[in-house]
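# Survey of secondary and tertiary structure
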Amino acid sequence: MDTPVVRNSTAAWKRADGDHHIHPFTDNEALRRKGGPRIIVKASGSVMVDSEGNRIIDAMSGLWCVNVGYGREELARAAYDQMSELAFYNTFFKTTTPPPVELAEKLATLTPGDLNRFFFACSGSEANDTILRFVKRYWNLMGKPAKKTVISRINAYHGSTTASASLGGMSTMHEMDDLPIAGIEHVIQPYWYTGGGDLSEEEFGLVAARAVEDKILELGPENVAAFFGEPLQGSGGAILPPSNYWPEINRICRKYDILLVADEVICGFGRTGEWFGSTTFGIEPDIMTMAKGITSGYLPLSAVAVSDRVADVLYAKGGDLSHGYTYSGHPTACAVALANIAIIEREGLVERVRDDIGPYFQTRLRDAVADHPLVGNIRGIGLVAGLAIVEDKATRTFRTPVGTLAGRCHEICVEMGAMIRVSGDSMVMAPPLVITKEEVDTLMVIYRAALDKTAAEFGLV
Ligand SMILES: Cc1ncc(COP(=O)(O)O)c(C=O)c1O
């Protein structure tokens, strides 16, 4: 007979996890064999505690989402109040509830340009699926049904559903189940450190943008519907494009009448020191994806922001919108989003990232690790940063297989009390917007020590 599961014990949770819980983006068998996952049981501000009592600074904001930090009673209260009043009603069939209306109205004041209408979903993936449908619908209504192909970038991340994983450019995801679906083309990413060779960043910025133009000309502009891109590639390794990349992409999209979609799932709500990365990087999107920081991850919610140019056509010519999710505009999630945005505004968190903690974090990071032999490249803005972890700095050579050094350094960081993320050969950080300067200082000590230990283990000192 099975030993009874003792509740609230790390060993029991790990055992049950191995037996029953399928983790995303994980080798589940390897995790089980290695003794199971770390179990996070509580958190406050930027610090989490695991089931064995270890305190860990969360330098990844959950998964790029807990912008206002953990433990905000105000958000719990907003959810409680809304659930008590009206836990759920749908927004289909000529009804709504107040929170999605108020949230859409509020978002229209925050988004750049003429992004004035909002469709709600639960995740970034669903939002990007929605956009794919809207884009195709738009061109059908415009009498240009051939304009259907979408261009995005290699190593982009746009989600994990069939359509959004296809939009993304992650080779391991594509290999898993024969993606991408038809009608999606990928071009090079604007990652100067690995792709730029002897070119200056600006020269490479033009090369990367012109790859989009070349692809448009190859396909025929009359067949291209949209270009999708993250303002900075988050999951791909916190890759910042050269400063001339996005202005050139704006020009190209306008020239060939191609919709520009900015996937702001990571950049939105203050991460780069503006409300949206589009402002930071000078992007003029026709459509924008937002999720994560919209509720600081307290409840699942995403939104598609649609410009007047696109929405006017969908409204005037489209008739019924044959698309929607049960939880589109979920009142409780939207109430939490409103309370979350109120905190960001009241505490001036966007300005804090732009003028204070963001520059502090970036400077301290460079001070701490720029001269380290394993750190080939540092990029970052606001409260997001990526480090390329190399075997040989002089030749920009990475250790094989991919992620060997960064992966080990990640394990050491977590053991030392800093949760970061690994993406290929990059170490990525994106702490909550409320992180204190003392916590930033502690993180830097840990990064340096973890890099030293990694270098020592691999004989690279
Ligand atoms: C830029 C970007 N788009 C879309 C997504 C997918 O969002 P979700 O995991 O909520 O489906 C992510 C998730 O990390 C993302 O970083």
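### Some points on the site of the ligand
Among the 13 residues in the neighbourhood of the ligand, the closest are listed as Gly124, Ser125, Asp263, Ile266 and Lys292. Taking Ser125, its side chain carries an N or O atom lying 2.5 Å from an oxygen atom of the ligand. Measuring from an oxygen atom of the ligand, one finds a side-chain N or O atom of Lys292 at 3.0 Å. No other element matches helix H6 (residues 124-141), which puts three residues into the shell around the ligand. Taken together, the residues of the shell around the ligand break down into three nonpolar, seven polar and three charged.

### Quick look at the nonpolar core
Core analysis: the biggest nonpolar cluster contains 66 residues, and Leu107, Met290, Met427 and Tyr447 have the highest contact counts within it. For this core, the domains that each give at least three residues are domain 1 (38-68 + 351-457) and domain 2 (73-346). The residues touching Met290, leaving out its near neighbours within four places in the chain, are Leu107, Thr111, Phe118, Val265, Phe269, Phe276, Ser302, Ala303 and Ala305. By size, the runner-up hydrophobic cluster in this structure holds 37 residues, among which are Val187, Ile239, Trp246 and Ile252.

### Things to note about the layout of surface pockets
Within this model, the second largest pocket holds a volume of roughly 870 Å³. Looking at the lining of the second largest pocket, the element that brings in the most residues is strand E4 (residues 115-121), giving five residues.

### Some details on unusual backbone geometry
Here the bond from Leu179 into Pro180 is cis, since omega is 0°, no more than 30 degrees from zero. Inspection of the secondary structure assignment puts Pro180 in the loop between helix H8 (171-176) and strand E6 (184-187). Cis geometry marks the peptide bond from Thr400 to Pro401; its omega dihedral reads -10°. The phi angle at Lys94 is positive, at roughly 65°, despite the residue not being glycine. Position of Lys94 among the secondary structure elements: in the loop between helix H4 (73-86) and helix H5 (98-110). The phi angle at Arg396 is positive, at roughly 50°, despite the residue not being glycine. Along the polypeptide, Arg396 turns up in the loop between strand E12 (384-389) and helix H17 (404-416).

### Observations regarding the environment of Ile249
Residue placement: Ile249 occurs in helix H11 (residues 245-255). Under the relative-accessibility criterion, Ile249 is labelled buried at 0%. With 130 residues separating them in the primary sequence, Ile249 and Phe119 have C-alpha atoms 25 Å apart. In this structure, Ile249 is in contact with Ala209, Val212, Phe227 and Leu260, ignoring residues within four places of it in sequence.

### Topic: the sheet that holds E12
Spatial ordering of the open sheet is given by E11-E12-E15-E14, a layout of four strands whose pairing is antiparallel. Bordering the open sheet on either side are strand E11 (375-381) and strand E14 (421-423), each of which pairs with just one other strand. Across the sheet, the mean angle separating the axes of adjacent strands is 25° when strand polarity is ignored. Summarising the sheet, E12 and strand E15 (residues 426-429) pair through four bridges and their orientation is antiparallel. Bridged to Ala385 within E15 is Met429. Packed on one face of the sheet, helix H16 (residues 357-369) meets E11, E12 and E15 and runs near 175° to E11.

### A short note on the packing of aromatic side chains
Evaluated as defined, the whole model comprises 11 aromatic pairs. Relative to Phe134, the ring of Phe119 lies with its centre 5.7 Å away and its plane at 75°, an arrangement referred to as edge-to-face. Of this pair, Phe119 sits in strand E4 while Phe134 sits in helix H6, and the two are 15 residues apart along the sequence. The pair formed by Phe119 and Phe134 is uniform in burial state, with each residue classed as buried. Judged by centre distance (5.3 Å) and plane angle (70°), the rings of Phe269 and Phe276 are edge-to-face. An aromatic cluster is present here, built from Phe119, Phe134 and Tyr325 joined pairwise through their rings. Lying over the aromatic face of Tyr315, Arg117 brings its terminal NZ or CZ to 4.6 Å of the ring centre. Positioned above the aromatic ring of Tyr360 is the side chain of Lys437, whose terminal nitrogen or guanidinium carbon lies 5.3 Å from the ring centre.

### Thoughts on the sheet that holds strand E8 (residues 259-263)
Backbone hydrogen bonds hold the strands of a sheet together, and the pairing may be parallel or antiparallel. The strand order E4-E10-E9-E8-E7-E5-E6 describes an open sheet built from seven strands, whose pairing is mixed. The sheet is open, and its two borders are formed by E4 and E6, each paired with just one other strand. With strand direction ignored, the average angle separating the axes of adjacent strands in the sheet is 20°. Pairing of strand E7 (residues 224-229) with E8 involves four bridges; the strand directions are parallel. Within the sheet, the bridge partner assigned to Gly229 lies in E8 and is Ala262. Strands E4, strand E9 (287-290) and strand E10 (302-307) of the sheet are contacted by H5, whose axis makes an angle of about 140° with E4. Of the strands in this sheet, E4, E8, E9 and E10 are in contact with helix H13 (residues 308-318), which crosses E10 at around 90°.

Each value, and the rule that gives it
- Residues numbered from 1 in each chain as written.
- Predicted model: local features only at pLDDT ≥ 70, side-chain atom pairs only at ≥ 80, totals over all residues.
- Heavy atoms only, no water.
- Near = heavy atom within 4 Å.
- Polar contact = N/O pair within 3.5 Å; in protein donor to acceptor, adjacent residues only side chain to side chain.
- Helix = DSSP H or I, 4+ residues; strand = E, 2+ residues; numbered from the N terminus.
- Nonpolar A, V, L, I, M, F, W, Y, C, P; charged D, E, K, R; others polar.
- Core = buried A, V, L, I, M, F, W, Y, C linked by side-chain atoms within 4.5 Å.
- Buried < 20%, exposed > 50% of the residue type's maximum accessible area, 1.4 Å probe, protein only.
- Domains from an automatic or database assignment.
- Contact = heavy atoms within 4.5 Å.
- 1 Å grid on protein atoms, 1.4 Å probe; cavity = no way out; pocket = protein on both sides within 12 Å on 5 of 7 lines; lining within 4 Å.
- Points joined across faces, edges and corners; volume = space filled by probe spheres on them.
- Pairing = 2+ DSSP bridges.
- Axes fitted to C-alpha atoms, helices over the stretch in contact; angles between N-to-C directions.
- Phe/Tyr/Trp six-rings, centres within 6.5 Å; stacked < 30°, edge-to-face > 60°.
- Lys NZ or Arg CZ within 6 Å of the ring centre and 35° of its normal.

Honestly, that's just the spatial picture; any functional story needs more than this.
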